[in-house]
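The primary structure of each chain is shown beneath.
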Amino acid sequence: MKKTIALFDFDKTLTDTDSIILIWRYAIENKKVSKSFYYKKIIVGSAGYLFKSDFKIFKSSICQVINRFSEDDLKDFAKYVYENHMLKDGIEYLNSLSADYKMLVSASPINYLKYFYDYLDFDMIIGTELDENCNVLHENNKSYEKVRIIKEHLAQREIEIDYENSMAFSDSYKDDKPMLSMVKNRFLINSKIRDPQYVNLNWK
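Residues numbered from 1 in each chain as written. Predicted model: local features only at pLDDT ≥ 70, side-chain atom pairs only at ≥ 80, totals over all residues. Heavy atoms only, no water.

Trainee: How would you summarise the sheet that holds strand 2 (residues 5–8) if you had to cite specific residues and measurements?
Mentor: Strand order in the open sheet formed by six strands is 4-3-2-6-7-8, with parallel pairing between adjacent strands. The open sheet has two free edges, formed respectively by strand 4 (124–128) and strand 8 (199–201), since each of these has just one partner strand. Pairs of neighbouring strands in the sheet enclose a mean axial angle of 20°, with direction left out of account. With four bridges connecting them, strand 6 (residues 167–170) and strand 7 (residues 185–189) associate as parallel partners. Opposite M167, over in strand 7, you have N185 as the bridge partner. With respect to the sheet, helix 5 (residues 88–96) is in contact with strand 2, strand 3 (101–109), strand 6, strand 7 and strand 8, its orientation differing from that of strand 3 by roughly 145°. (Pairing = 2+ DSSP bridges. Helix = DSSP H or I, 4+ residues; strand = E, 2+ residues; numbered from the N terminus. Axes fitted to C-alpha atoms, helices over the stretch in contact; angles between N-to-C directions. Contact = heavy atoms within 4.5 Å.)

Written out as structure tokens, the structure reads:
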């Protein structure tokens, strides 16, 4: 069945800061980790990326902070982000949309993204999957991986994208161009890029 789809990125599209940065700040402020633990994970991850050219090593390293959070802690973190770091214009825009199916598709870990169902009007939230040790399980949910996951998810539900009337939103012209290209109506959020195929929106 053909439906109008609204595709949203998360970090710096609906939030004012990357959420992985926010969870580290939150963890340090709440004494869940030390600053030295943070620097260690950055160094280890950066070394892995530098010498092995594998971004998954870096992503897995910086996601280790999630090991210090219980499920209740992650719920509290989602609430904290919603109350303090969301772009209010973006939330209002999201709530005003009459799309048939709204999807949040992000490279951020699903471990905390899943708790935004309590606050954001999405039919489906997809993030990077982590294993039990908070290492990236399959692939970082970015660029063409987002497209693959979106297509797979919609196919399972027998949904066809109404290209002409569907829309996509992201702050990143470079990283999310493949996802934005899945629909006709493409929006860049708080971006300096100007392209006639995209509409620029400024959200605060």
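There is more to say, and it comes next.
Trainee: Provide a residue-level description of the packing of helix 1 (residues 19–29) against helix 4 (residues 71–84), including the pertinent values.
Mentor: The geometry of helix 1 relative to helix 4 is characterised by a closest axis approach of 11 Å and an angle of 115° between their N-to-C directions. Crossing geometry of helix 1 relative to helix 4 is assigned as right-handed. The segment helix 1 lies against helix 4, with S19, L22, I23 and Y26 engaging L74, D76, F77, Y80 and V81. Classifying every residue of the contact of helix 1 with helix 4 gives seven nonpolar, one polar and one charged. (Left-handed = near helix turned anticlockwise from the far one by under 90°. Nonpolar A, V, L, I, M, F, W, Y, C, P; charged D, E, K, R; others polar.)

Trainee: Describe the environment of I149, naming the residues involved and giving the relevant values.
Mentor: The topology assignment puts I149 in helix 7 (residues 144–156). Remark: the alpha-carbon pair of I149 and T15, spanning 134 residues in sequence, is separated by 22 Å. Those residues within four positions of I149 in sequence are excluded, and the remaining contacts are I126 and N141.

Trainee: Go over helix 1 with me, naming the residues and quoting the values.
Mentor: Residues S19, I20, L22, I23, W24, Y26 and A27 constitute the buried set of helix 1. Immediately downstream of helix 1, the backbone of K31 shows phi near 60°, a positive value. (Buried < 20%, exposed > 50% of the residue type's maximum accessible area, 1.4 Å probe, protein only.)

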